[in-house]
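Descriptive analysis of the structure
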Amino acid sequence: MSSTGNGGGEERRAGSAGSAAARARLRRAARPAAPQPPAGRRRGGTVEAPDTVRPDHPAPTLAVADPGTRSGLRGRPARPFPGGPADVQGGQGTPAEGSLLDMLKVAIAILDTAGRVVLWSPAAEELLGWPNELLVGRRIDELIPDREQVTRIRAAIQDTLRQGRWAGHTELRDRDGLPVAVDARISLLVDGDGTPFLQVNMAEAAAVRAVERDLAVRDALFEQSPLGIAILDTDLRYTAVNRTLAEMNGVAPDDHVGRTTGETLPERAADEITAIQRQVLATGEPVIDVTLASPVTTRAGYRSISYSRMTDRSGRVLGISGTVMDVTERYRAVAKVEHARRRLSLLNEFGSRVGDLLDASRIAQELAGSVVPRLTDHSAVVLLQAVAHGDDLPRHGHDRRTSLLQLGTASVQDGPEVDVMLRRGARITFAEDSVCGRVLRTGVPELLSGAEQLEDVTYPGDPKMQAARDLGVHSMLVVPLRARGIVIGLLLVSRAGYREGFDRDDLAFTVELADRAGSSLDNARLYARERTAALTLQRTLLPQQVPQPTGVEVAYRYVPGSSGTEVGGDWFDVIPLPGDRTALVVGDVMGHGLRAAATMGRLRTAVRVLAALDLPPDVLLRHVHELADDLAQGPDEALLATCVYAVFDPATARLTVAKAGHIPPVLVVPGGDAGEPTRTGGPLPGGAGRILDLPSGAPLGVGGVPFESVELKIPEGSLLALCTDGLVESRDKDLDVGLGRLVTVLQEPHASIQAACEAVLDTMEQGREPDDVALLLARLGHGQAGTPTAGWTLPAEPTAVSRARRLVRATLVEWGVEELTDTAELLVSELVTNAVRYASAPIGVRLTLGETLLVEISDPLPDPPRERHAAEADEGGRGLELVHRLALRWGARAEGIGKVVWFEQALPGNESDGS
């Protein structure tokens, strides 16, 4: 490196010697300090630097000279140097790494008054690349690239010697010859002998500018930020807050410093914030955007706080930083949206809960329960009695005589006061000029606040309002329930205690909810009215009195569908037939409502009329099917019905059954150890049950499948069960499961046939289809005990007529009813004559003496006899006409491949039965 100063070799040698002496003095300064020597020599007000340093001279102590009092600083006691052992991290003597000094490297050089380098620090070597051994003793001018800079540096040295310090910018040349812009600070140092030195602190100008820029940005953000910013140390005490946060807290910035949050903010709010600060400091996990209520009571609102832990570059925890943002408007906007969402959710929830309900009482209870506690503390739904019972709405205005029922109630608490105010089913009365009276008349809702307005809800002295006062009710809404412009009831909601009173938004929402409820309530009223009419029609069309025929004990149950569906077309019937026989019928018309009930009545009538013709079951079903078009609900709707028809003859103990797509019957035969089968009114012994295997047949109105009858021999005391599918069908189980359950119940012993009916109904599952149920049980016997019966088989010969007359006369005389012999002989003679004339096989004659005398003539010809009116000149053709005139009743029925013609005669003393 070439020198830019003046002077020859001797000057350089002298400089080198002076530099060596200076270095020796600085080395001694690094050793423990000795007692301070006398002050150095002064010449003309300036300090004279000694040329040499004596080996035995005490080590000097370096101090920064004050420009005005430099000489007075020499004897000042030494202070601990910053960064010494007391400031080392952890007290272990290891300097902290990654600090700001590592980022902004400060190079230090010591110069004598001539500008020669006495000491050159490692940081200076790193900054400029010049090693210490090459620069010590040389003038600093040699590192300056141009003469103008040299002149500035020399002037700076002189200024420092005069004033004690200098600061400025310059360029130095690194070892590669490239200029390096540095920011320099020169300070005057004086050793213990008064020898002056110059301490030069240098840092790369670009790095200094970057730090200054970062600090400026920090200051701008800290002071000008719209967010509140706080810096806290490891004791969670404020070290700095910006003005925004100070204004938020209502405390001056200086009053924050050194205090904790608990010492600055109200206790209740500070506890929550302090807990968050401790969590962040302990875990290092930041907390971001936590919304809390504003801790300052004078500025009610909400704040969003965020905290994160601060560490230096070495990882040492310095504290935490936090930002606070006023989010009151945002919170209120979000709260308003959430409030609207909850209200909409309540509307949707209520709609879904009552959407499939058709019971006004249940809808009223759902309405009352849906608003507690989300909208109110207590609620009541008051309805017109017409709505509750499915009657027509009144055409006149409401007055104090209007009958109101409180059908829905809900409350957040229980107690005697609640029972008085919200008694379900209570009849509500009111004065015409009361709030309830006005709302009923006008349909305009009212918002009541305060005890004075609440006094006027119903009538003075109402116990319900006294109970409301005892509960602390202070705000109430009285809202009309409307349907098609008519007020059909009231919704009363009230708040109590510390809860805020209702406002106009609450009133508007309650009106919307009430309007939706009003539509559902009116639908329930209309449905109840239609269902009542359908039930009335259906019950009118069902048998009003079920007979108890000879040899058969009958029990039945009819259960209408649940309130969630309309009445159906299920029906049953018990039809006495000639010869003490009985027809048992159960049917089901597809569909629900009035039309199904009306069709059921027409179908039942058709079956009864055809049963009077004594037709076999399969023939009867075929005739009913042929009437399907006439029995249908309308020209565009075909009849679709199922039916099972059974005929039991106690004399022969035979059961003939046919069905048209219906549930098969169940037969329970008494067990072998059941003893003598009991008759009417006795207990059922139980037994072995089975489902009768019958040809299914197509439902009536479908066609394409022939109907077939099955004849069974029935043991004495057997139980026959006929039912509709509503009893055994369910949504999630097979039909066989329901039929199996029915068989299981009927196999058990029961106290009576009526008790068996109840036991069967008790087994119906809750999840079954909500359809009508018709159940018909019949205990089948072999006729009344001791009933006289006689029968003969005669050949198809002319002699059979006279023989039949003799047998009939003798039998009636034996039975003690001689009064019947003349008429019986005449009618038997006519019927047997007809059979002999047309039949070629044996003829049967049977007499049965019961409540009437029954005479049956059977032959193998299937064609029934035809009654005709004979002319006066005709010799024959008057046989059936005689039977018609003289018999109580008569008829013909198919039996096997042939037929039976029968007639009845009234016993003596019962002739009026034939009128």
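Preceding block: the structure.
Residues numbered from 1 in each chain as written. Predicted model: local features only at pLDDT ≥ 70, side-chain atom pairs only at ≥ 80, totals over all residues. Heavy atoms only, no water.

1. What to know about the overall build of the chain
This is how the line gets drawn: Numbered from the N terminus, helices here are DSSP runs of H or I no shorter than four residues, and strands are runs of E no shorter than two. Buried residues are those whose accessible area, probed at 1.4 Å on protein chains only, stays under 20% of the maximum for their type, while exposed residues exceed 50% and partly exposed ones sit between those limits. Residues are treated as being in contact if the distance between any of their heavy atoms lies within 4.5 Å. Here the Shrake-Rupley method, with its probe set to 1.4 Å, supplies the accessible areas, and only the displayed protein chains count as covering residues.
Of regular secondary structure, the chain possesses 26 helices and 34 strands. Burial status across the chain gives 46% buried among its 915 residues. When contacts within the chain are restricted to residue pairs at least 6 apart in sequence, those whose partners lie at least 24 apart make up 64%. Surface summary for the chain: the accessible area is close to 45,600 Å², and the carbon and sulfur share equals 51%.

2. A look at the sheet that holds strand β34 (residues 898-906)
Defined as follows: Pairing between strands requires that DSSP locate at least two bridges from one strand to the other. Every axis in this analysis is a line fitted to C-alpha atoms, fitted for helices over the stretch in contact. Angles between the N-to-C directions lie between 0 and 180 degrees.
Pairing is antiparallel across the open sheet formed by 5 strands, whose spatial order is β30-β31-β32-β34-β33. Of all strands in the sheet, those bounded by a partner on one side alone are β30 (789-794) and β33 (889-895). Ignoring strand direction, the axes of neighbouring strands in this sheet form an average angle of 15°. As paired strands, strand β32 (residues 852-859) and β34 are joined by 8 bridges and run antiparallel to one another. The partner of Thr852 across the bridge, within β34, is Ala906. Seen against the sheet, helix α24 (residues 799-815) touches β30, β31 (843-849) and β32 and runs at an angle of roughly 170° to β30.

3. Side note on the sheet that holds strand β18 (residues 473-483)
A sheet is described by the order of its strands in space; here 6 strands give the open sequence β16-β15-β14-β19-β18-β17, paired in antiparallel fashion. Only two strands of the sheet have a single partner each, and these edge strands are β16 (426-428) and β17 (446-449). The average undirected angle you get between the axes of adjacent strands in this sheet is 25°. Here 4 bridges tie β17 to β18, and the two strands are oriented antiparallel to one another. Across the sheet, Leu448 pairs through a bridge with Met476, a residue of β18. Sitting on the sheet, helix α12 (residues 360-370) is in contact with β14 (378-384), β15 (404-411), β18 and β19 (486-496), with an inclination near 40° to β15.

4. Quick notes on the pattern of salt bridges
Opposite charge on two side chains allows them to pair when their charged atoms are near. Selection criterion: The term salt bridge refers to a side-chain nitrogen of Lys or Arg lying within 4 Å of a carboxyl oxygen of Asp or Glu.
Considering all chains together, one arrives at 39 salt bridges under this definition. Put simply, Asp312 and Arg316 hold a salt bridge, and the shortest N to O gap is 3.1 Å. Put simply, Asp392 and Arg529 hold a salt bridge, and the shortest N to O gap is 2.4 Å. One end of the pair, Asp392, is in the loop between α13 (385-389) and β15; the other, Arg529, is in helix α18 (residues 504-541), and 137 residues separate them in sequence. Taken together, the shared-partner salt bridges connect Glu349, Arg353, Glu366 and Arg374 into one network.

5. Topic: α12
Put simply, the rule reads: Polar contact is defined as a pair of N or O atoms within 3.5 Å, subject to the rule that within protein one atom must be able to donate a hydrogen and the other to accept it, and that residues adjacent in sequence are counted only when both atoms are side-chain atoms.
If you check which residues of α12 are buried, you get Ala360, Ile363, Ala364, Leu367, Ala368 and Ser370. Where α12 starts, the residue carrying a side-chain oxygen 2.9 Å from the main-chain nitrogen of Ser361 turns out to be Asp359.

6. So, the packing of helix α11 (residues 328-354) against α18
Note the cut-off: Angles are sorted into four bins: roughly parallel if under 35 degrees, roughly antiparallel if over 145, roughly perpendicular if 65 to 115, and oblique for all others. Note: crossing handedness is left-handed where the near helix turns anticlockwise from the far helix by less than a right angle, and right-handed where it turns clockwise. The residue classification treats Ala, Val, Leu, Ile, Met, Phe, Trp, Tyr, Cys and Pro as nonpolar and Asp, Glu, Lys and Arg as charged. All others, Gly included, are polar.
Where α11 meets α18, the axes come as close as 11 Å, and the angle between the chain directions of the two elements is 15°. In terms of orientation, α11 lies roughly parallel with respect to α18. Judged by the sense of rotation from one axis to the other, the crossing of α11 with α18 is right-handed. Facing α11, whose interface residues are Arg343, Leu346, Leu347, Asn348, Phe350 and Val354, α18 presents Asp505, Asp506, Phe509, Glu512, Leu513, Arg516, Ala517 and Ser520. Within the contact of α11 with α18, the residues separate by chemical class into 7 nonpolar, 2 polar and 5 charged.

7. Some words on the pairing of strand β9 (residues 228-232)
With 5 of its 5 residues buried, β9 lies for the most part within the structure. By the alternation rule, side chains of β9 split into Gly228, Ala230 and Leu232 and Ile229 and Ile231, which are all buried. Alignment of β9 against strand β13 (residues 317-326), held across 5 bridges, turns out to be antiparallel. From the neighbouring strand, Ile231 faces β13, where its bridge partner is Ser321. Counting the residues that bridge the hairpin from β9 to strand β10 (residues 238-241) gives 5 residues, and of these Leu236 lies at a positive phi of roughly 60°.

8. Notes on the environment of Asp580
Here Asp580 is to be found in the loop between β21 (568-577) and β22 (581-592). For Asp580, a relative accessible area of 31% translates into the label partly exposed. On a C-alpha basis, the gap between Asp580 and Ala651 in space is 7.8 Å, while along the polypeptide they are 71 residues apart. The contact partners of Asp580, leaving out residues within four places of it in the chain, are Thr550, Phe648 and Pro650.

9. Overview of the packing of aromatic side chains
Put simply, the test is: Pairs were defined over the aromatic rings of Phe, Tyr and Trp, the Trp ring being its six-membered one, requiring ring centres within 6.5 Å. Orientation was assigned from the angle between planes: stacked under 30 degrees, edge-to-face over 60, tilted for the rest.
Tallied over the entire structure, the rule returns 2 aromatic pairs. Judged by centre distance (3.7 Å) and plane angle (25°), the ring pair of Tyr302 and Tyr331 falls under stacked. One end of the pair, Tyr302, is in strand β12 (residues 302-311); the other, Tyr331, is in helix α11, and 29 residues separate them in sequence. For Tyr302, a relative accessible area of 25% translates into the label partly exposed. On the accessibility criterion, Tyr331 (33% relative accessible area) is partly exposed.

10. Considerations on unusual backbone geometry
Between Val372 and the following residue, Pro373, the backbone shows a cis peptide bond with an omega angle of 5°. Mapped onto the elements of the fold, Pro373 is located in the loop between α12 and β14. Unlike most non-glycine residues, Asp289 shows phi in positive territory, near 55°. Residue placement: Asp289 occurs in strand β11 (residues 287-293). Among the residues examined, Asp289 registers a relative accessible area of 38% and is labelled partly exposed. A positive phi angle, near 55°, is found at Ala653, a position not held by glycine. Residue position: Ala653 is located in the loop between β23 (641-649) and β24 (654-660). Exposure remark for Ala653: the relative accessible area of 3% places this residue in the buried category.

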